[in-house]
There are 2 protein chains.
Amino acid sequence: MAVLPPNVSAETFESAVREFAAAVGEEWVFTSDADLELYRDPYSVMRGTELESLASAAVAPASVEEVQQIVRIANRYRTPLFPISTGKNYAYGGASANLSGSVIVDLKRMNRILRVDDERNFALVEPGVTYFDLYRYIQQRGLKVWIDPADVAWGGLVGNALDRGMGYTLPFFRDHANAACGVEVVLANGDVMRTGMGALPAADTWQDYKHGFGPDPSGLFPQGNFGIVTKMGFRLMPQPEHYRTGLIRVPRRGDLSETIKIVNYLSDSHMIGEVFYESPLRALLSDVGFRDAANRRGGGNEAELDRYAADSGLAAWQVELQFYGPRATCLANWEYAKERFAREISGSSFVEGESVDLPMTEEQLHNPNPWFRSGLWHREAGQGVPSMSAWSLVNTRSPQSPDGRTIAHAGFFPIIPRSGEGVFRAQQVFGDAFADLGLPPFNAALSTPLVWAMFAYQMSFPMPNDNAQVHRALLHLVRVAADNGFGDYRVPPFYQDHVTATYSFGSDALRRFHETLKDAADPNGILAPGRGGIWPSAYRQYRYDWEQDV
Amino acid sequence: MAVLPPNVSAETFESAVREFAAAVGEEWVFTSDADLELYRDPYSVMRGTELESLASAAVAPASVEEVQQIVRIANRYRTPLFPISTGKNYAYGGASANLSGSVIVDLKRMNRILRVDDERNFALVEPGVTYFDLYRYIQQRGLKVWIDPADVAWGGLVGNALDRGMGYTLPFFRDHANAACGVEVVLANGDVMRTGMGALPAADTWQDYKHGFGPDPSGLFPQGNFGIVTKMGFRLMPQPEHYRTGLIRVPRRGDLSETIKIVNYLSDSHMIGEVFYESPLRALLSDVGFRDAANRRGGGNEAELDRYAADSGLAAWQVELQFYGPRATCLANWEYAKERFAREISGSSFVEGESVDLPMTEEQLHNPNPWFRSGLWHREAGQGVPSMSAWSLVNTRSPQSPDGRTIAHAGFFPIIPRSGEGVFRAQQVFGDAFADLGLPPFNAALSTPLVWAMFAYQMSFPMPNDNAQVHRALLHLVRVAADNGFGDYRVPPFYQDHVTATYSFGSDALRRFHETLKDAADPNGILAPGRGGIWPSAYRQYRYDWEQDV
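Residues numbered from 1 in each chain as written. Chains lettered and ligands numbered in written order. Predicted model: local features only at pLDDT ≥ 70, side-chain atom pairs only at ≥ 80, totals over all residues. Heavy atoms only, no water.

It is worth spelling out the overall build of chain A at this point. Scanning chain A from N- to C-terminus turns up 18 helices and 18 strands. Against the 2.2 N^0.38 benchmark of 24 Å for 550 residues, chain A shows a C-alpha radius of gyration of 24 Å, consistent with a compact globule. Principal-axis analysis of the C-alpha atoms places the extent of chain A at approximately 75 × 55 × 50 Å. Relative to its 550 residues, chain A shows a buried fraction of 66%. Residue pairs at least 24 apart in sequence account for 74% of intrachain contacts in chain A once pairs closer than 6 positions are excluded. Summed over all atoms, the accessible surface of chain A reaches about 18,500 Å², with 49% contributed by carbon and sulfur. Positive and negative side-chain charges in chain A, numbering 50 and 65 respectively, have mean positions lying 2 Å apart. (Helix = DSSP H or I, 4+ residues; strand = E, 2+ residues; numbered from the N terminus. Rg over C-alpha atoms; globule rule 2.2 N^0.38 Å. Buried < 20%, exposed > 50% of the residue type's maximum accessible area, 1.4 Å probe, protein only. Contact = heavy atoms within 4.5 Å. Areas by Shrake-Rupley, 256 points an atom, 1.4 Å probe, with all protein chains shown as cover. Lys, Arg positive; Asp, Glu negative; His and termini not counted. Charge placed at Lys NZ, Arg CZ, Asp CG, Glu CD.)

In structure tokens form, the structure reads like this:
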């Protein structure tokens, strides 16, 4: 065991490990290098350096009672714990803890699907349940509900919601933390607590009414460290009767603003699922002059880009819409969308997409309509079907190099106002930031928002193929984003102090409030110290001020 | 000043009042009996008794800075505070505090509408803003968003959301605590904290993305006492193009189960707003035999009630649906609903309701279609129009008696599973409970669920016209409900300990967790001690164990 928890002697740690083994069984405590290798983040920016976060041990409980015992042992021996559900959180740290030397609490054995109700439309699951597991369960029983899978879907519902992951169907369901309804947590003192109606022992409405009575602490658990979640409820979308897609193109760069207004209307009225924006002008990127225009400092020039669009006959923007509901409703909503665009944006054009009754046949599922462009990675997820489509994004980006070094993979997805103005400003801010960093340009003026959040936009960026560059870029981008009002929504543990420092209103009032609560609820600071930027007093000296490195 | 805060001498209290006056101005500190009369709950169960909660003073700040000063003064003099926004929380305690002798912090002067955006569809308001205020603001500017008003609508958005009030339009919006997006609070230490993207100083997305980064403590403020909310954001529904209603009748008692399944499907797919269930069999209540059948102990007898339905030609149940969206979508959804009912419940019948393009004309607004039955109090609210319709329910129930005594008015709305089985069991449980209490029967077998919550049902009950009986009934009903799995969602301060005691999972783990956090965040316990059943250590002896009185 090369790594020990801070301030814990090898001897004390051995005693703790012995007690963990007594609680969960020898075979479910892992301390060998070979076993602990599996808990390293393969895409860590600090992979192989002395700053990489490494586990001192891992322990895999099978029940809530075992989790309680682990927490009590950790308090006794002051061994910090870091709970993971499936650990498949690549781009966000995988299974690695904020504090190196933490004991990973691997909840993969707690993988029961406790309930799925397709009349009241909810599920209750343990942390080890993956999207594939739940999908199979529903399919095998012919239940009439959908899941809203993350892509890639080998991860779990609980872990994804606790990291505020997002999906692809209707707005309410694709914000996974929002769709959660009721949690059970083991607190730092070993108590088992249920939120919402779960606190009322005889209630059958735990997954129906999330607030319960009195305050609701549920929000403290996502991206936080106030408890180990052992059960979580989710609202499910009823299986729609029909699914339809349609593509809308608008000719001019400035049309994006009105496009976004109309799409906001459709989305906030719950008429559409996740939408997919793109710029057909990307087809011109082999033209050096155009490439320069797409990457100009200070943001894209409207007149210049409009000339390229007009000359090429390509639309400046396109947006794909997904409709769910009865067949006639899908059609009515699509017709309404077309009518709004035709009326409000001259030169709008329309492409009919898929129109399919649900549930799909096996053949439809596996041989989607040829209309679907290859590489359109969000499609299956938008139809409630889990897949590994997006894995290729990680995979191709991170070749194992001959010396065994992997290339860092870290998500940076700032929250952006859902307006043309917001998108254009983000293009400019991040385009210039890449130039300042000396990184290859990413055609900023053609970059488009991701519409995962219910009411906000995000953007994605190509990261460099060198870990030191990724590190420098992330520090800089988080800071530049914050200075311009764009806050990162999720980041690997290594950068959580940096992002937290940007959420600084009122002299870091939010962080200080959390740390006051943390010290009261977890006086020994054993639960995931540092997660979400919250350091308990016992480990507060491990907070890192990244500003000095920006 | 007849009432003082606990453990505060008259002299100390005078000093505190002087400092409050220095902070907000003499004219905004109230200590006379005549002024404090306005902060009494006119409908208190304990009105006029020594158990009635009375204010020691009231103070009305005009700004966040003044709220901060009030909190600092309260810490210095140990004067408990009880913040109210508009104080119009009748049936739930009005402006009265959990702890008698509290100083009411009346936020009515903080009534600015800070922002309404009808392209990104949100509002940001101060606590004193009423539904009427926001409606007028939107109408005057011709903005294309709706509010989801509480009925009665003279109360404020912030106070209603903080008490988890509900409305009448689409599911996402009518759960007012759910539709909230971003809060600003003054904490017990005087800090000003913003949640979500509000914590990122330059962000323009405070009302777009509610989670922010790291844990989100927003859930601690509704029905809680962790801060004084000074600003709150709300997601708004885009103004729909069209509004349509339709009524569906089903012939047999047992048809309720399938009816509910279909309505759940429509609602969870966001195809309908709040629905209104009723039993047409109420028309038979002048028949003594039928009245007996409707009030039988052990619940309604299906065969017996079906005979009455068949003989009278009346439907056992009816449900009114509200559709929002483009005209063709409203029609498609209504046609789909009819088709589902016709296919799945034999003998279903349909009545076409309203079908109106929006926004309505002044005439349509004030002279609704004669199809609307008089007394149908939820109609205007379902169209996003604030009104005082439901005030008559309070008003008529609470005549001022000759001796100046008023009759208690207290809400009791348990959360019930959204299924036929759930409703039938609730009918039986509460029907029997009324009989056990010796109260007049309320035709339990015809009682129907209220569909305010997004995914749960509630029920309402006629309270007796005698305060002592109301008291006895509430204590009993809360306990019986909990024993049967039905938890109360909201209750006047006087009964919050009683309800909290029913949310007891894990030896009151939820309450104990809250009180651990409370003592850390508010060591002097000055913020609303007792609210939501959470007593800070300084006042913990005031928790009342109602079980002894049940």
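There is more to say after this.
Here we take up the interface of chain A and chain B. If you look at the interface, chain A gives 100 residues, while chain B gives 100 residues. For the pair chain A and chain B, the two sides together bury roughly 8,000 Å², of which 68% comes from carbon and sulfur. Between the two partners, chain A and chain B, sit six salt bridges. With a closest N to O distance of 3.2 Å, D268 of chain A and R235 of chain B form a salt bridge. The interface formed by chain A and chain B includes 36 residue pairs in polar contact (both at pLDDT 80 or more). (Buried area = accessible area lost by both parts, 1.4 Å probe. Salt bridge = Lys/Arg side-chain N within 4 Å of Asp/Glu carboxyl O. Polar contact = N/O pair within 3.5 Å; in protein donor to acceptor, adjacent residues only side chain to side chain.)

Residue and element names in this part refer to chain B. The topology assignment puts S279 in the loop between β13 (276-278) and α9 (288-294). On the basis of relative accessibility, which here comes to 2%, the residue S279 falls in the buried class. With residues up to four places along the chain from it excluded, the contact list for S279 reads A316, W317, L446 and T448.

Residue and element names in this part refer to chain A. Here chain A shows a mean pLDDT of 93. Residues at 70 or above account for 95%. For residues 370-378, every residue scores under 50 in pLDDT, and the model assigns this stretch 26 contacts once sequence neighbours within four places are set aside. Scoring the predicted complex yields pTM 0.97 and, for the interface, ipTM 0.97. (pLDDT = per-residue confidence, 0-100.)

With that out of the way, let us pick up the sheet that holds strand β1 (residues 29-30) of chain B. In space, the four strands of this open sheet follow the order β1-β2-β4-β3 (chain B), with mixed pairing throughout. Because the sheet does not close on itself, it has two edges, and the strands there are β1 and β3 (81-84) of chain B. (Pairing = 2+ DSSP bridges.)

Before going further, it helps to examine the relation of the copies chain A and chain B. Superposition record for chain A on chain B: RMSD 0.0 Å, screw rotation 180°, translation along axis 0.0 Å. Taken together, the rotation angle and the small translation identify this as a two-fold axis. Comparing contact sets, 100% of the residues at the interface of chain A also lie at the interface in chain B, consistent with an isologous, same-surface contact. (Least-squares fit on C-alpha atoms with pLDDT ≥ 70 in both.)

Residues and elements named next belong to chain B. The N-to-C vectors of helix α8 (residues 255-268) and helix α11 (residues 327-344) enclose an angle of 155°; their axes lie 11 Å apart at closest approach. The pairing of α8 with α11 is recorded here as roughly antiparallel in orientation. Seen along the crossing, α8 lies across α11 with a hand that is right-handed. The residues of α11 that touch α8, namely those facing E258, T259, I262, V263, Y265 and L266, are Y336, A337, R340, F341 and E344. Residue classes in the contact of α8 with α11 are distributed as seven nonpolar, one polar and three charged. (Axes fitted to C-alpha atoms, helices over the stretch in contact; angles between N-to-C directions. Parallel < 35°, antiparallel > 145°, perpendicular 65-115°, else oblique. Left-handed = near helix turned anticlockwise from the far one by under 90°. Nonpolar A, V, L, I, M, F, W, Y, C, P; charged D, E, K, R; others polar.)

On to unusual backbone geometry, then. Residues and elements named next belong to chain B. Look at the link from D151 to V152: it is a cis peptide, with omega at 20°. Here V152 lies in the loop between β7 (145-146) and α5 (157-162). Between L358 and P359 the backbone carries a cis peptide bond, its omega angle lying at -5°. With respect to the secondary-structure elements, P359 resides in the loop between β15 (349-357) and α12 (362-366). For N121, which is not glycine, the phi dihedral falls at a positive 65°. Checked against the element boundaries, N121 lands in the loop between β5 (113-117) and β6 (122-125). Even without a glycine there, the phi angle at S507 is positive, about 55°. Along the chain, the position of S507 falls in helix α18 (residues 505-521).

Residues and elements named next belong to chain A. Here L236 lies in the loop between β10 (228-235) and β11 (237-238). Since its relative accessible area comes to 4%, L236 is described here as buried. Sequence spacing of L236 and A180 is 56 residues, and the spatial spacing of their C-alpha atoms is 9.3 Å. Here L236 is in contact with V116, N121, F122, A123, V145, W146 and F173, once residues within four sequence places are set aside.

What follows is about the packing of aromatic side chains. Across all of its chains, the model carries 60 aromatic pairs over all chains by this definition. Where Y209 of chain A meets Y489 of chain B, the ring centres are 6.5 Å apart and the plane angle is 80°; that geometry is what we call edge-to-face. Placement of the pair is Y209 of chain A in the loop between β9 (192-194) and β10 and Y489 of chain B in the loop between β18 (487-488) and α17 (496-502), with the two residues belonging to separate chains. Side by side, Y209 of chain A and Y489 of chain B carry an identical accessibility label, which is buried. Here the aromatic rings of Y495 of chain A and W546 of chain A are separated by 6.0 Å at their centres, their planes lie at 40°, and the arrangement is tilted. Of this pair, Y495 of chain A sits in the loop between β18 (487-488) and α17 (496-502) while W546 of chain A sits in the segment after α18 (505-521), placing them 51 residues apart in sequence. Ring pairs connect the aromatic residues F172, F173 and F455 of chain A together with F172, F173 and F455 of chain B, which therefore count as one cluster. (Phe/Tyr/Trp six-rings, centres within 6.5 Å; stacked < 30°, edge-to-face > 60°.)

Paired through their backbone hydrogen bonds, the strands of a sheet run either parallel or antiparallel. Residues and elements named next belong to chain A. Within the open sheet, the three strands sit side by side as β17-β16-β18. Their pairing is antiparallel. Of all the strands in the sheet, the pair left with one neighbour each is β17 (457-458) and β18. Strand direction decides the pairing type here: strand β16 (residues 414-416) and β17, joined by two bridges, are antiparallel. Its bridge partner lying in β17, I415 is registered against Q458.

On to the side chain of N160 of chain A. Residue and element names in this part refer to chain A. When you line up the elements, N160 lands in helix α5 (residues 157-162). Overall, the relative accessible area of 13% leaves N160 in the buried class. Within the structure, the side chain of N160 is placed 2.7 Å from the side chain of H176, a separation counted as a polar contact. Among residues more than four places away in sequence, those in contact with N160 are Y131, A150, G165, M166, H176 and R490.

Now for helix α15 (residues 420-437) of chain A. Residue and element names in this part refer to chain A. Counted at 1.5 Å a residue, the expected span for α15 with its 18 residues is 26 Å, and the 26 Å between its end C-alpha atoms agrees. Among the residues of α15, those classed as buried are G420, G422, V423, A426, Q427, V429, F430, G431, D432, A433, F434 and L437. Buried positions along α15 lie against α8 (255-268), β14 (317-325), β16, β17 and α16 (467-483). In the segment just after α15, G438 is the residue with positive phi, at about 75°. (Expected span 1.5 Å × (residues − 1).)

Opposite charge on two side chains permits pairing when their charged atoms draw close. Going through the model one piece at a time under the given rule, you end up with 76 salt bridges over all chains. A salt bridge links D204 of chain A to R120 of chain A, with the shortest nitrogen-to-oxygen separation between them at 3.0 Å. Residue D204 of chain A is located in the loop between β9 and β10, and its partner R120 of chain A is located in the loop between β5 (113-117) and β6 (122-125); the two are separated by 84 residues in the primary sequence. Taking the shortest distance from any N to any O, the salt bridge between R490 of chain A and D163 of chain A comes out at 2.9 Å. Remark: D163 of chain A occurs in the loop between α5 and α6 (171-174) and R490 of chain A occurs in the loop between β18 and α17; sequence separation between them is 327 residues. In this structure, a network of salt bridges that share partners links the residues R115, D117, R120, D204, D208 and R235 of chain A together with D268 and R418 of chain B.

We now examine helix α4 (residues 131-141) of chain A. Residues and elements named next belong to chain A. Of all the positions in α4, only Y131, L134, Y135, Y137 and I138 are classed as buried. Across the axial projection of α4, the buried residues extend over an arc of 160°, all falling on one side. The elements touched by buried residues of α4 are β5, β6, β7 (145-146), α5, α7 (176-179) and α12 (362-366). (Arc of directions from axis to C-beta.)

Turning our attention to the packing of helix α15 (residues 420-436) of chain B against helix α16 (residues 467-483) of chain B. Residue and element names in this part refer to chain B. Between α15 and α16, whose axes approach to 10 Å, the crossing angle comes to 145°. Regarding α15 and α16, the two cross each other, and that crossing is right-handed. Where α15 approaches α16, its residues V429, F430, A433, F434 and D436 are matched on the opposing element by H476, L477, V480 and A481. Taken together, the residues that form the contact of α15 with α16 break down as seven nonpolar, one polar and one charged.

With that settled, consider the state of the cysteines. Overall, the coordinates contain zero disulfides over all chains when judged by the stated rule. With no disulfide partner, C330 of chain A has as its closest neighbouring cysteine sulfur the one in C330 of chain B, 15 Å distant. With a relative accessible area of 0%, C330 of chain A lands in the buried category. (Disulfide = S-S within 2.5 Å.)

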